[in-house]
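The chain contents come next:
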Amino acid sequence: MSNAAALKQVYTLAIIKPDILIKKKQSVDTILQSIGERFTIHNDIKPINLSVTQAEQFYNDHRGKFFFERLVCFMTRGPIVPLILTEKNNDKNTITSWREFIGPTHAENARKIECLRGKYGSSDTWNGFHGSGSNDEATQEINFFFPTFLNDTTVDHFK
Ligand SMILES: Nc1ncnc2c1ncn2[C@@H]1O[C@H](COP(=O)(O)OP(=O)(O)OP(=O)(O)O)[C@@H](O)[C@H]1O
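Residues numbered from 1 in each chain as written. Predicted model: local features only at pLDDT ≥ 70, side-chain atom pairs only at ≥ 80, totals over all residues. Heavy atoms only, no water.

Student: Explanation requested: the packing of aromatic side chains in the structure shown.
Tutor: Given two aromatic rings, their pairing is described by the distance between the two centres and the angle made by the two planes. Scanning all chains against the criterion turns up 10 aromatic pairs. Taking 5.4 Å as the distance between ring centres and 55 degrees as the angle between the ring planes, the aromatic pair formed by F58 and F145 counts as tilted. You can see F58 sitting in helix α4 (residues 52–58) and its partner F145 sitting in helix α9 (residues 135–145), a full 87 residues away along the chain. Accessibility classification places F58 together with F145 in one group, the buried group. Ring centres of F74 and W126 lie 5.1 Å apart, and the angle between their planes is 25 degrees; on these two criteria the pair is classed as stacked. Of this pair, F74 sits in helix α5 (residues 68–75) while W126 is found in the loop between α8 (116–120) and β4 (129–131), placing the two residues 52 residues apart along the sequence. Put simply, the rings of F58, Y59, F144 and F145 touch in pairs and so form one group of aromatic residues. (Phe/Tyr/Trp six-rings, centres within 6.5 Å; stacked < 30°, edge-to-face > 60°. Helix = DSSP H or I, 4+ residues; strand = E, 2+ residues; numbered from the N terminus. Buried < 20%, exposed > 50% of the residue type's maximum accessible area, 1.4 Å probe, protein only.)

Shown next, in the form of structure tokens:
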């Protein structure tokens, strides 16, 4: 593996999901501030809307599961904010750290601990936040939303 490939793995792809932008709009600045205290945000913070085709593609691994249609419907219901993040503490793994920060997928588990999903999520589907599950997934998901970022030579990927 080249150095560049190894160092690029520090990124993760986070999403603030539509439930936050629809139901908890007044909390977005607070959420972004708390994210910014722990993570560096590498992209412009810009709400975008996913088409059904894009949402189906993004969650393709879940195709066939009982919640797939519900998930696609939810993710296309309103704007989302995709974020490229790195953990500010170099001793911590960005992907694990962000997933810990957002908390468990299911609302009932998330509410038991201090985490973003526990605080702002509403249900198993409307759970507020996404985080890449692995380095490969992070690369794939960053390329999905930001096709030029990982190959952008004007970005310092070596920090
Ligand atoms: N049992 C379920 N019932 C309803 N919705 C679900 C269920 N499991 C997952 N989902 C929805 O599908 C998304 C993707 O599921 P996945 O298993 O990948 O969870 P995750 O990795 O915690 O979430 P994400 O991929 O969004 O970070 C979840 O975040 C949630 O919105």
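Having put the structure on the table, let's press on.
Student: Sorry, what's going on with the environment of S123 here?
Tutor: Along the chain, the position of S123 falls in the loop between α8 and β4. Taking relative accessible area as the criterion, S123 reaches 27% and is therefore assigned partly exposed. Each C-alpha atom of the pair S123 and D19 lies 9.9 Å from the other, and the pair is 104 residues apart in sequence.

Student: Would you explain the packing of helix α3 (residues 28–38) against helix α6 (residues 94–102) in this entry?
Tutor: Helix-helix packing: each pair is described by the crossing angle between the helix axes and the interaxial distance. The interhelical angle for the contact between α3 and α6, taken along N-to-C directions, is 145 degrees, at an axis separation of 12 Å. Two packed elements cross with a definite hand, and for α3 against α6 that hand is right-handed. Together, S34, I35 and R38 of α3 and S97, W98 and F101 of α6 make up the contact between the two elements. (Axes fitted to C-alpha atoms, helices over the stretch in contact; angles between N-to-C directions. Left-handed = near helix turned anticlockwise from the far one by under 90°. Contact = heavy atoms within 4.5 Å.)

Student: Can you help me understand α5 in this one?
Tutor: Two residues of an α-helix separated by three or four positions point the same way, owing to the 3.6 residues in each turn. Residues of α5 that are buried: F68, L71, V72, F74 and M75. Along α5, the residues classed as buried sweep out an arc of 160 degrees about the axis, all on the same side. On its buried face, α5 is in contact with β1 (12–16), α2 (18–23) and α4. (Arc of directions from axis to C-beta.)

Student: What am I meant to see in the site of the ligand here?
Tutor: By nearness alone, 16 residues border the ligand, and K17, T105, T125, N127 and H130 come closest of all. In the model, an oxygen atom of the ligand is placed 3.1 Å from a nitrogen or oxygen of the Y59 side chain. In this structure, R99 approaches the ligand through a side-chain N or O atom, which is 3.0 Å from an oxygen atom. Expressed as a share of its isolated accessible area of 570 Å², the protein-covered part of the ligand is 86%. Elements supplying a minimum of two residues to the shell around the ligand: α5 and β4. Taken together, the residues that form the shell around the ligand break down as four nonpolar, seven polar and five charged. (Near = heavy atom within 4 Å. Polar contact = N/O pair within 3.5 Å; in protein donor to acceptor, adjacent residues only side chain to side chain. Areas by Shrake-Rupley, 256 points an atom, 1.4 Å probe, with all protein chains shown as cover. Nonpolar A, V, L, I, M, F, W, Y, C, P; charged D, E, K, R; others polar.)

Student: How should the UniProt feature "binding site: ATP" (unreviewed entry) in the protein chain be read in this particular structure?
Tutor: Within the UniProt annotation, "binding site: ATP" (unreviewed entry) is assigned to K17, F67, R99, T105, R117 and N127. Among the structural elements, N127 can be located in the loop between α8 and β4. Look past the residues within four positions of N127 in its chain and what remains in contact with it is K17, D19, T105, R117 and G121. (UniProt positions renumbered as here; feature names shortened; annotations may be inferred.)

Student: For this particular structure, what's the right way to read the pairing of strand β3 (residues 81–87)?
Tutor: Side chains on a regular strand alternate between the two faces of the sheet. Burial of β3 is extensive: seven of the seven residues sit out of reach of the surface. The side-chain alternation of β3 yields two buried faces, one formed by V81, L83, L85 and E87 and the other by P82, I84 and T86. For β1 and β3, the ladder comprises five bridges, and the chain directions are antiparallel. Following the sheet pairing, T12 is matched in β3 by L85. Bridge analysis of strand β2 (residues 39–41) against β3 gives three bridges, and the strand direction is antiparallel. Bridge pairing links F39 to E87 in β3. (Pairing = 2+ DSSP bridges.)

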